[in-house]
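# Structural overview for review
Okay, here's what each chain looks like letter by letter:
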Amino acid sequence: MPYKIIFFGTSEFSTPSLQALIDDPRFEVTAVVTKPDQPVGRHQFLTKPPVKILAEKFNIPVYQFQKIKTPDTYQTLSDLQQRHGIDAYVIVSYGKIIPQNILDLPKRGVINVHGSLLPKHRGASCVQAAIASGDRQTGVTVMLLDAEMDHGDILAQAETEISEAETGGQLHDRLAQMGGELLTRALVDYFENKITPQPQDHALATYCKMLTREDGKIDWNKSALEICNLIRAYNPWPGTWFEWQGKRLKILKAAPVDLSKNLQAPNIGQLLQDRNRLLVLCGDQKFIEILELQPEGKKPMSGQTYLAGHKI
RNA sequence: CGCGGGGUAGAGCAGAUGGCAGCUCGCCAGGCCCAUAACCUGGAGGCCGUGGGUUCAAGUCCCACCCCCGCAA
């Protein structure tokens, strides 16, 4: 008899975990809960969440509750519980807070996959936070959900190195994949009582907030290293940018540079040309080279290409 | 019909008041040099997004359409 699971998830981070559960004969994904379709993109087309697309492909029933904290929602999930005897909920990047009375429904509790080594980087932007903080390694955590955010007992963790040039998007995809692999193993061990859930050391907890595009505005007073890490971390979401000559310039790729010679003292945050390189002075008096950028209304281009057509 | 920017040489950009298209980089050839991503000389390369219209004459004015992108979500 496979373990019966209801999967809660929405974003691209969720899909590898859902896929792992589907592919593993030891589990049966009885239903999938995901956020309602959202208007997306320049023309606001109504778009299905990635998790919904995957679920439909395997003919798994999909539930999209407008609100979780309603008697109707509770009733629906309660019915599913009675009808199928669900063993556990698995929640991966669902995007909504689930009330306690629902969390109490499944027989063996609620399991969560988180994209960091808890207790570090609790919260919504854990992947970006790891790179932005300059961490050299991170990982994924499979844990039991409790009332507080990313606070529950740990079932399993897997670590990985963050490479020098890795972007948030690349790391996101890797962690999502790792999460799926770790999830199925940890879940079986947990069901078979082979692991003892370990409480987190809450004194070491750090938190990261939900990111918006505003968070990607570059503060040139920070150090060159901090800024480079931020650019890497926030690529592709939420992206990093600053205002230049009344236009918005997105920075897609940058690197710290060592300059032996002294350039004419520029202001912090001002673009500067050195040969065919596009430089900016940061708060610690060090330069970064902008390798790839995207002016408002234009396609992405290299710093050198930008210089070919723009006087600085 | 959410707001806005843009489609001109391979790339990035200029082209007030309409008159036979220019800049930077790249590319090709040659030169200089121990050497070079540096420098010098010369050269190739453009139905100016598409279709109409106004005009003696349109990249430049008018209309329609296609495509790309930023914001917003």
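Everything numeric in this text was worked out from a predicted model, so none of it was measured.

In terms of helices and strands, chain A carries 8 helices and 17 strands. Seen along its three principal axes, the alpha-carbon backbone of chain A occupies a region of about 75 × 45 × 30 Å. A buried classification covers 50% of the 312 residues belonging to chain A. Here the contacts in chain A between residues at least 6 apart in sequence split such that 64% fall between residues at least 24 apart. Accessible area for chain A stands at about 16200 Å²; split by element, carbon and sulfur atoms hold 49% of it.

Further remarks concern helix H2 (residues 50-57). Here H2 has its buried residues at Val 51, Lys 52, Leu 54 and Ala 55. Angularly, the buried residues of H2 cover 165° about the axis, an arc narrow enough to put them on a single face. On its buried side, H2 packs onto strand E1 (3-9), helix H1 (15-23), strand E2 (27-33) and strand E5 (62-63). In the stretch just after H2, Asn 59 is the one whose phi turns positive, near 55°.

A word on the packing of aromatic side chains. Two measures describe an aromatic ring pair: the distance that separates the ring centres and the angle between the ring planes. Counted under the stated rule, the structure contains 7 aromatic pairs. Centroid distance Tyr 63 to Phe 65: 6.0 Å. Interplanar angle 20°. Geometry classified as stacked. On the accessibility criterion, Phe 65 (11% relative accessible area) is buried. Among the aromatic residues, those joined into a cluster by ring pairs are Tyr 3, Phe 27, Tyr 190 and Phe 191.

For the rest of this paragraph, the subject is the nonpolar core. One finds Phe 7, Leu 21, Ile 111 and Leu 187 to be the most contacted residues of the largest nonpolar core, which totals 45 residues. When residues of this core are assigned to domains, at least three map to each of domain 1 (3-208) and domain 2 (213-309). With near-sequence residues (within four places) excluded, Phe 7 lies in contact with Ser 14, Ser 17, Leu 18, Leu 21, Val 29, Ala 31, Val 32, Val 33, Val 51, Val 90 and Val 92. Ile 227, Ile 231, Trp 244 and Leu 278 belong to the second largest nonpolar core, which has 21 residues in total.

Attention now goes to the side chain of Lys 4. Relative to the elements of secondary structure, Lys 4 occurs in strand E1. Buried charge without a partner: Lys 4 forms no salt bridge, and the closest opposite charge is Glu 28, 4.6 Å away. Reaching out from Lys 4, the side chain makes a polar contact with the backbone oxygen of His 84 at a distance of 3.3 Å.

For the rest of this paragraph, the subject is the packing of H1 against helix H6 (residues 168-191). Their axes nearest at 7 Å, the elements H1 and H6 cross at an angle of 40°. On the basis of the axis angle, H1 is oblique to H6. Here the hand of the crossing between H1 and H6 comes out right-handed. For the pair formed by H1 and H6, the contact residues are Pro 16, Ser 17, Ala 20 and Leu 21 on the first element and Ala 176, Gln 177, Gly 179, Gly 180, Leu 183, Thr 184 and Leu 187 on the second.

Here chain A averages 92 in pLDDT, and 98% of its residues register 70 or above. Least confident of the elements in chain A is strand E4 (residues 45-47), whose mean pLDDT is 81; most confident is H1, at 97. Two summary scores accompany this predicted model of the complex, namely pTM at 0.89 and ipTM at 0.88.

A separate point is H1. Within the span of H1, buried status applies to Thr 15, Pro 16, Ser 17, Leu 18, Ala 20 and Leu 21. On the buried face of H1, the contacting elements are E1, E2, H2, strand E6 (88-92), strand E7 (110-114) and H6.

Turning our attention to the pattern of salt bridges. Two side chains with opposite charge may pair up if their charged atoms get near one another. According to the stated counting rule, one finds 10 salt bridges in the structure shown. Put simply, Glu 56 and Lys 48 hold a salt bridge, and the shortest N to O gap is 3.0 Å. On the accessibility criterion, Lys 48 (37% relative accessible area) is partly exposed. Two residues, Arg 277 and Asp 274, come together in a salt bridge whose shortest N-O distance is 3.4 Å. For Asp 274, a relative accessible area of 7% corresponds to the buried category.

Procedures and definitions
In this numbering scheme, every chain counts its residues from 1 along its sequence in written order. Lettering for chains starts from A, numbering for ligands starts from 1, and both go in the order in which the items are written. This being a predicted model, a pLDDT of at least 70 is required before a residue's local features are given, and a value of 80 or more before pairs of side-chain atoms are given or counted; all residues contribute to the totals for chains, interfaces and linings. The side-chain figures draw on all heavy atoms in the structure; neither hydrogens nor water molecules are used. Numbered from the N terminus, helices here are DSSP runs of H or I no shorter than four residues, and strands are runs of E no shorter than two. Only protein chains enter the calculation, and the probe is 1.4 Å; a residue is then buried if its accessible area is under 20% of its type maximum, exposed if over 50%, and partly exposed in between. Residues are treated as being in contact if the distance between any of their heavy atoms lies within 4.5 Å. Surface accessibility in these figures is a Shrake-Rupley result with a 1.4 Å probe; residues are shielded only by whichever protein chains are displayed. Arc definition: directions from the helix axis to the C-beta atoms. Any Phe, Tyr or Trp ring, taking Trp's six-membered ring, that has another such ring centre within 6.5 Å forms a pair; planes under 30 degrees apart are called stacked, those over 60 apart edge-to-face, and the others tilted. To define a nonpolar core, start from buried Ala, Val, Leu, Ile, Met, Phe, Trp, Tyr and Cys residues and group those joined through side-chain atoms within 4.5 Å. Note that domain bounds follow an automatic or database assignment of domains. In this tally, Lys and Arg are treated as positive and Asp and Glu as negative; His is ignored, and so are the chain termini. Any carboxyl oxygen of Asp or Glu that lies within 4 Å of a side-chain nitrogen of Lys or Arg is treated as forming a salt bridge with it. What qualifies as a polar contact is a pair of N or O atoms within 3.5 Å, subject to a donor-acceptor requirement within protein and to the restriction that residues adjacent in sequence count only when both atoms come from side chains. Where helices are involved, their axes are fitted lines through C-alpha atoms of the stretch in contact, as for all axes, and angles between N-to-C directions lie from 0 to 180°. Oblique is the label for any angle not covered by the other classes, which are roughly parallel (under 35 degrees), roughly antiparallel (over 145) and roughly perpendicular (65 to 115). Take the far helix as the reference: if the near one is turned anticlockwise from it by less than a right angle, the crossing is left-handed, and if turned clockwise, right-handed. Per-residue confidence from the prediction method is given by pLDDT, with values spanning 0 to 100.

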